[in-house]
Amino acid sequence: MVNKIPVAILGATGSVGQRFITLLHNHPWFTIVSLAASKQSAGKRYKEAANWLMPTPLPENIGSIIVQEAEPNLPCRLVFSALDSNVAGDVEMAFKKGGFIVVSNASHYRMANNVPLLVPEINSDHLEMLEQENSATGKIVTNPNCSTIGLTLALHPLHRLFGVEKAHVVTLQALSGAGYPGVASMDIVDNVIPYIQSEEEKIEGEPLKILGTYCPDRREVDKANISISAQCNRVAVSDGHMACISVKLKVKPSKKDLIAAWTTFSGEPQKLELPSAPAQVVYYFDEQNFPQPRLHRNIDKGMAVSVGRLRDCPLFDYKFSLLSHNTIRGAAGGAILCAEMMVKKGFF
Ligand code: NAP
């Protein structure tokens, strides 16, 4: 792309905001022009406002940007939001009213009727719900919950071929999922916390919209008829959410066919060769002790999901383990893939 699209990051100093910076710096289509955060950070140079925790050095030109308040006066049309969920609702709406296109990681608008909840490999057609909106006003597109994205990428290839009726999901979620500084070390060292606020409701609800069918005449998504039960745990892993999943299918396939459904699955981002699209969406491991967060979270730039330990389930049909990178595929990388899809669909 000759002229890159200027973008801003709201909540640029946090856990997800920092990921956005690493993924957008040198992005072939987008260029960062503004960074915004709270009043406490505004006015400081980024390198003084943020406690940089990424494994690659902070690019010098980014470190010297003066952080701004998150107000809809930024010199771009596209903003990525990694705002704290307590403030995201009002700030994102102000940007939408100001004519901006907001790609959000926050949960506030995910289940709203006129807001796509997007996993581009699964439901990029849901972007149609924005086409009927007045083109002069802004738009909000949402990235699902971090565990939901991995879960739907594992369930969708099975749902379209065999029909998923029920899923039982137990998550083991990384510390970076709680933002920065997140959970106190005295709470999590030598420990597992069997509670993450509002997480189970999101994992039980969001997949039904993502896997649902968009009906243009009603401008609504007919939700998928799947029952999901989730139990969420915080564990002392830096990045990478695991999930142990049991599924009941309408038609029980052989293990071989089920594995083939995952490994041959490919979506529109792969067809369009979007810059952030993983070459293979779902990796299957035969090894009986894989996938593991430390070893496999970065597969395919952290944008692929990994599954393994497929075996018969005495309660449902099959059970398996799943891993996805929560701040890449589950947040910043997933949101950038949504924006790349919007570029291809002519939103800019
Ligand atoms: P975080 O580390 O706590 O960062 C929050 C960001 O919001 C910081 O940049 C903070 O700026 C900014 N902020 C706070 N109050 C503000 C205000 N009043 N006005 C403007 N900016 C404000 O949180 P996070 O983990 O990055 O999560 C960001 C969002 O993504 C949340 O909505 C979260 O639910 C969602 N999400 C997170 C993950 C994950 O794995 N972490 C995954 C999916 C979705 P200051 O530094 O100036 O306070």
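Residues numbered from 1 in each chain as written. Predicted model: local features only at pLDDT ≥ 70, side-chain atom pairs only at ≥ 80, totals over all residues. Heavy atoms only, no water.

Before going further, it helps to examine the sheet that holds strand 2 (residues 30-37). Whenever strands of a sheet pair, they do so through backbone hydrogen bonds, lying parallel or antiparallel. If you trace the 6 strands from one edge of the open sheet to the other, you get 3-2-1-4-5-6, paired in parallel fashion. Each having just a single partner strand, strand 3 (68-69) and strand 6 (139-142) make up the two edges of the open sheet. The pairing of strand 5 (residues 101-104) with strand 6 spans 4 bridges and is parallel. Across the sheet, residue Val103 finds its bridge partner in strand 6, namely Val141. Together, strand 1 (5-10), strand 2 and strand 4 (78-81) form the strand contacts of helix 1 (residues 15-24), whose direction differs from that of strand 1 by roughly 160°. (Pairing = 2+ DSSP bridges. Helix = DSSP H or I, 4+ residues; strand = E, 2+ residues; numbered from the N terminus. Contact = heavy atoms within 4.5 Å. Axes fitted to C-alpha atoms, helices over the stretch in contact; angles between N-to-C directions.)

We now examine the nonpolar core. Formed by 45 residues in total, the largest nonpolar core has its most connected members in Phe20, Leu24, Phe30, Ile32, Leu35, Tyr46 and Phe80. Among the secondary structure elements, those contributing two or more residues to this core are strand 1, helix 1, strand 2, helix 2 (46-49), strand 4, strand 5 and helix 13 (328-344). Both domain 1 (5-145 + 332-344) and domain 2 (146-325) contribute no fewer than three residues apiece to this core. When residues no more than four places from it in sequence are discounted, the contact partners of Leu24 are Val7, Ile9, Phe30, Ile32, Phe80 and Ile336. By size, the runner-up hydrophobic cluster in this structure holds 40 residues, among which are Ile149, Ala261, Val307 and Tyr318. (Core = buried A, V, L, I, M, F, W, Y, C linked by side-chain atoms within 4.5 Å. Buried < 20%, exposed > 50% of the residue type's maximum accessible area, 1.4 Å probe, protein only. Domains from an automatic or database assignment.)

Applying the stated rule across the entire model yields 11 salt bridges. One salt bridge in this structure joins Lys39 and Glu69, with 3.9 Å as the shortest N-O distance. On the criterion of sequence distance, the pair formed by Lys39 in the loop between strand 2 and helix 2 and Glu69 in strand 3 is long-range, its members being 30 residues apart. Looking at Lys39, the relative accessible area reads 63%, which means it is exposed. By relative accessible area, Glu69 is classed as partly exposed at 31%. Salt-bridge contacts for Glu268 lead to Lys345; the nearest nitrogen and oxygen are separated by 3.4 Å. Here the residue Glu268 occupies a position in helix 11 (residues 268-271), and Lys345 occupies one in the segment after helix 13, the gap between them amounting to 77 residues. (Salt bridge = Lys/Arg side-chain N within 4 Å of Asp/Glu carboxyl O.)

The subject of this paragraph is the pairing of strand 2. Within strand 2, 6 of the 8 residues are buried, which leaves it mostly tucked inside the rest of the structure. The sheet contact formed by strand 1 and strand 2 spans 6 bridges and is parallel. Looking at the pairing, Leu10 lines up with Ala36 of strand 2. Once the chain exits strand 1 it traverses helix 1 before rejoining the sheet at strand 2, and the crossover so formed is right-handed. Direction of pairing for strand 2 relative to strand 3: parallel, over a ladder of 2 bridges. Residue pairing in the sheet places Ala37 in a bridge with Glu69 of strand 3. (Right-handed = clockwise from strand over helix to strand, strands pointing away.)

Right, let's talk about the site of the ligand for a bit. Not every one of the 25 residues close to the ligand is listed here, only the nearest: Thr13, Val16, Ser38, Ser41 and Leu83. Measuring from an oxygen atom of the ligand, one finds a side-chain N or O atom of Thr13 at 2.5 Å. At a separation of 2.8 Å, an oxygen atom of the ligand approaches a polar backbone atom of Val16. Bound to the protein, the ligand loses 79% of the 900 Å² it would expose on its own. Applying the majority rule of atoms within 2 Å of the grid points places the ligand in the largest pocket. Residues that form the shell around the ligand fall into these classes: 10 nonpolar, 14 polar and 1 charged. Here the shell around the ligand gathers at least three residues from each of two domains, domain 1 (5-145 + 332-344) and domain 2 (146-325). (Near = heavy atom within 4 Å. Polar contact = N/O pair within 3.5 Å; in protein donor to acceptor, adjacent residues only side chain to side chain. Areas by Shrake-Rupley, 256 points an atom, 1.4 Å probe, with all protein chains shown as cover. 1 Å grid on protein atoms, 1.4 Å probe; cavity = no way out; pocket = protein on both sides within 12 Å on 5 of 7 lines; lining within 4 Å. Sits in = over half its atoms within 2 Å of the grid points. Nonpolar A, V, L, I, M, F, W, Y, C, P; charged D, E, K, R; others polar.)

What follows concerns helix 13. The first and last C-alpha atoms of helix 13 sit only 21 Å apart over 17 residues, clearly below the 24 Å expected at 1.5 Å per residue. Counting buried residues in helix 13 gives 16 out of 17 residues, a clear majority hidden from the surface. Following helix 13 by one or two positions, Gly346 adopts a phi angle in the positive range, close to 85°. (Expected span 1.5 Å × (residues − 1).)

Moving on to unusual backbone geometry. Cis geometry is adopted by the peptide bond preceding Pro181, which originates at Tyr180 and carries an omega value of 0°. For the bond from Phe290 to Pro291, the omega torsion is 0°, close enough to zero to count as cis. Inspection of the secondary structure puts Pro291 in the loop between strand 12 (282-285) and helix 12 (293-296). Here Asp190, not a glycine, exhibits a phi torsion of approximately 60°, which is positive. Tracing the backbone shows Asp190 in the loop between helix 8 (185-188) and helix 9 (199-210). The phi dihedral of Ser198 is positive, around 65°, even though this residue is not glycine. Judged by its relative accessible area of 32%, Ser198 is partly exposed.

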